[in-house]
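# A closer look at the structure
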Amino acid sequence: MVTDAASTAPSKKRPNIVFIYCDDLGYGDLGCFGSDVIRTPHLDALAEQGVRFSQWYSNSPVCSPSRASLLTGQYPKETGIDQIVGGERHTPGISQHVPLISEILKQQSYRTAIFGKWHLGAAPESRPNARGFDQFCGFLSGCVDYYSHIFYHGMPGVQNTHDLWENENEIWDNGQYLTDIITERSVEYIQEQRAAKEPFFLYAAYNAPHYPMHAPKEVMDRYSHLPWDRQVMAAMISAVDDGVGEIVAALKRADQWDNTLIFFSSDNGPSSESRNWLDGRQDEYYGGSAGLFRGHKASLFDGGIREPAILYVPSSLREGEAWCDTDKQEAPASWIKTSHPGRISHEVAMMADMVPTVLDYAGVEADENAFAGRSLKSMLEHGEASPHERLYWEYNKQLAVRSGDWKLVLNGKLDFFKDQPDEVHLSNLKEDPGERFNLAADYPELAAELSADVRRWYAGLLSS
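All values derive from a computational prediction rather than experimental measurement.

Cut-offs and rules
- Residues numbered from 1 in each chain as written.
- Predicted model: local features only at pLDDT ≥ 70, side-chain atom pairs only at ≥ 80, totals over all residues.
- Heavy atoms only, no water.
- Helix = DSSP H or I, 4+ residues; strand = E, 2+ residues; numbered from the N terminus.
- Rg over C-alpha atoms; globule rule 2.2 N^0.38 Å.
- Buried < 20%, exposed > 50% of the residue type's maximum accessible area, 1.4 Å probe, protein only.
- Contact = heavy atoms within 4.5 Å.
- Pairing = 2+ DSSP bridges.
- Axes fitted to C-alpha atoms, helices over the stretch in contact; angles between N-to-C directions.
- Parallel < 35°, antiparallel > 145°, perpendicular 65-115°, else oblique.
- 1 Å grid on protein atoms, 1.4 Å probe; cavity = no way out; pocket = protein on both sides within 12 Å on 5 of 7 lines; lining within 4 Å.
- Points joined across faces, edges and corners; volume = space filled by probe spheres on them.
- Nonpolar A, V, L, I, M, F, W, Y, C, P; charged D, E, K, R; others polar.
- Expected span 1.5 Å × (residues − 1).
- Arc of directions from axis to C-beta.
- Disulfide = S-S within 2.5 Å.
- Patch = residues over 30% accessible without salt bridge, like charges linked within 9 Å, V, L, I, M, F, W, Y side chains within 5 Å.
- Areas by Shrake-Rupley, 256 points an atom, 1.4 Å probe, with all protein chains shown as cover.
- Salt bridge = Lys/Arg side-chain N within 4 Å of Asp/Glu carboxyl O.
- Lys, Arg positive; Asp, Glu negative; His and termini not counted.
- Charge placed at Lys NZ, Arg CZ, Asp CG, Glu CD.

## Some details on the overall build of the chain
Scanning the chain for helices and strands turns up 11 helices and 20 strands. Over its C-alpha atoms the chain spans a radius of gyration of 21 Å, differing by no more than 12% from the 23 Å that the globule rule assigns to 464 residues. By principal-axis analysis of the C-alpha atoms, the chain measures approximately 60 × 55 × 45 Å. Among the 464 residues that make up the chain, the fraction classed as buried is 62%. If you take every contact in the chain between residues at least 6 apart in sequence, the share linking residues at least 24 apart comes to 70%.

Below is the structure:
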């Protein structure tokens with residue numbers, strides 16, 4: 001249950017909320033997360049003023065379920081979306097019984113907008129305008145051509161379908177790079193809010209660096225020294241970074257920077273899918289980097305679910321004496337190999353935490369038990385430990401649980417198709433963050449206890 005608590009503190013201005021989300025971005029593909037190849041100065045600057053999370057997890061290793069968790073605060077299966085959603089125009093989306101953050105904030109007089117990738121249902125009742133968003137410009141399916149905006153993949157009996165929308169109206173903008181469209185619409189929206197009395201929620205949902213691998217020549221030229229697979233990946237990420245810089249600049253021009261909470265992350269780890277190649281090759285693609293972590297997109301090893309995450313909360317919204325006091329926390333320096341300044345939180349958190357965290361900062365009272373996620377405000381501002389004793393995952397017969405430094409993966413895969421030999425894989429992430437060594441035989445009681453626990457959790461999801 002959600003109630004309006006803003007009236008209890010009428011003198012405090014409610015914050016704007018901005019989510020910036022990428023697609024298939026690896027943990028190791030930002031400068032502030034250790035990349036020595038890809039230059040991301042605008043995200044680096046955002047991280048320096050906010051906090052980076054070294055142990056931030058997506059709730060799914062693929063796009064639609066991850067986005068469902070981000071926008072609902074629930075585990076994917078609780079939203080009705082635990083698989084990649086199709087692109088047919090009758091495809092249902094998130095359960096109508098599960099509220100989205102857009103719907104909750106709209107009830108609190110927030111203005112709401114999404115620009116970019118939806119991928120949470122294409123049927124009329126599942127589209128953004130039917131789920132709490134006042135404005136929408138983007139595409140409904142999973143992936144489209146960056147210049148023609150045509151959806152090519154996963155349409156039985158249909159070779160291609162155009163997929164670019166302005167609210168409920170299909171629009172055409174052939175030749176315009178999709179990342180630039182998302183940025184331009186986000187900037188225009190911020191500028192329009194300058195004189196508005198009520199706060200806004202903006203979801204800038206980039207589809208980069210998801211295939212097809214497209215980037216403008218002027219951005220490709222920045223990385224002409226790299227082989228093509230790394231060059232185009234770097235260029236696509238840099239184009240998003242340019243967009244983040246423009247969004248931040250727009251907030252400052254509109255005098256909204258000091259009252260806007262910004263969250264940046266990505267839905268899952270880097271893709272190894274052969275379709276990333278544009279020359280028809282069937283061999284695996286490794287243009288993106290998961291850093292030192294094992295696995296790729298579709299894997300419940302950390303390479304598929306541990307994501308770069310940045311949260312900027314302006315000083316005007318902070319109430320605690322300490323802003324994410326990381327001096328008391330210890331973690332291997334290898335988790336973020338970078339000399340960039342700024343605070344780093346080594347506490348465990350997940351995508352579903354963003355809804356309760358946002359509501360907490362917005363002064364909206366909500367039942368803690370209404371969400372799978374938890375507010376991170378006390379963790380950030382008072383140096384408290386993670387609100388999670390354990391995190392859980394499920395995807396395509398894989399199960400995983402993290403408990404403290406221990407992580408168990410059952411029936412784990414390394415990507416969509418690549419198996420690995422251990423049905424039960426137990427790792428100590430503090431000593432082995434790359435999950436290279438299976439300790440299940442060394443700690444059989446712990447492995448059995450965690451296996452039983454994650455199976456209980458999954459059975460509870462199925463019965464709810």
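## Description of the sheet that holds strand 17 (residues 390–395)
Here 4 strands make up an open sheet; going across it, the order is 17-18-19-20 and the pairing antiparallel. Two strands bound the open sheet, and with one partner strand each, they are strand 17 and strand 20 (424–428). Direction aside, the axes of adjacent strands within the sheet are offset by 10° on average. In this sheet, strand 19 (residues 406–410) lies alongside strand 18 (residues 398–403) in antiparallel orientation, the contact comprising 5 bridges. For L399, the partnering residue across the bridge sits in strand 19 and is L410.

## Some words on the pairing of strand 20
Of all 5 residues in strand 20, 4 are buried, a share of seventy percent or more. Where strand 19 meets strand 20, 5 bridges bridge the pair, whose relative direction is antiparallel. Each residue of the ladder has a partner; that of V409, found in strand 20, is H425.

## Concerning helix 9 (residues 354–361)
The element helix 9 is extensively covered by neighbouring structure, given that 7 of its 8 residues are classed as buried. Among the residues of helix 9, those classed as buried are M354, V355, P356, T357, V358, L359 and Y361.

## Structural notes on the sheet that holds strand 6 (residues 135–139)
The pairing of strands in a sheet comes from backbone hydrogen bonds and takes either a parallel or an antiparallel form. Pairing in this open sheet of 10 strands is mixed, and the strands run 10-9-6-5-11-2-12-13-3-14 from one edge to the other. Here the strands that pair on one side only, and so sit at the sheet edges, are strand 10 (169–170) and strand 14 (343–345). Helix 1 (residues 41–49) contacts strand 3 (51–53), strand 12 (260–266) and strand 13 (309–312) of the sheet and is inclined by roughly 60° relative to strand 13.

## Regarding the packing of helix 1 against helix 7 (residues 228–253)
Remark: helix 1 packs on helix 7, axes separated minimally by 7 Å, with the N-to-C direction vectors making an angle of 50°. Relative to helix 7, helix 1 is oriented oblique. Contact residues: helix 1 offers P41, H42 and L43, while helix 7 offers D241, D242, V244 and G245.

## Things to note about empty space enclosed by the protein
This structure, assessed with the given rule, holds 1 cavity of 30 Å³ or more. The space that makes up the largest cavity amounts to roughly 60 Å³. Every residue lining the largest cavity is counted, 10 residues in all, and those nearest its centre are G87, R89, S141, T161 and D163. Here the residues of the lining of the largest cavity are counted per class, giving 4 nonpolar, 4 polar and 2 charged.

## Looking at helix 11 (residues 444–463)
For helix 11, with 20 residues, the first-to-last C-alpha span of 28 Å sits near the 28 Å given by 1.5 Å per residue. Within helix 11 the residues assigned to the buried category are A447, L450, S451, D453, V454, W457 and L461. Down the axis, helix 11 shows its buried residues gathered within 165° of arc, on one side only. Those residues of helix 11 that are exposed and aimed more than 90 degrees away from the buried face are E445, R456, L462 and S463. Of the surrounding secondary structure, the elements contacted by the buried residues of helix 11 are helix 3 (76–79), strand 17, strand 18, strand 19 and strand 20.

## Quick word on the environment of V248
Within the secondary structure layout, V248 lies in helix 7. The class of V248 is buried, set by a relative accessible area of 14%. Along the chain, V248 and L43 lie 205 residues apart, while their C-alpha atoms are 9.9 Å from each other.

## Section: the state of the cysteines
Scanning the model with the defined rule gives 0 disulfides in all. Left without a disulfide partner, C22 is nearest to the cysteine sulfur of C32, which lies 11 Å away. Overall, the relative accessible area of 3% leaves C22 in the buried class. C137 carries a free sulfur, and the closest cysteine sulfur to it, the one in C22, is 18 Å from it. With relative accessibility at 4%, the residue C137 sits in the buried group.

## Topic: a negative patch on the surface
There is a patch of like negative charges on the surface, built from D173, D180, E184, E218 and E246. With respect to the helices, strands and loops of the structure, D173 is situated in the loop between strand 10 and helix 5 (178–192). Residue classification places D173 among the partly exposed residues on the basis of a relative accessible area of 34%.

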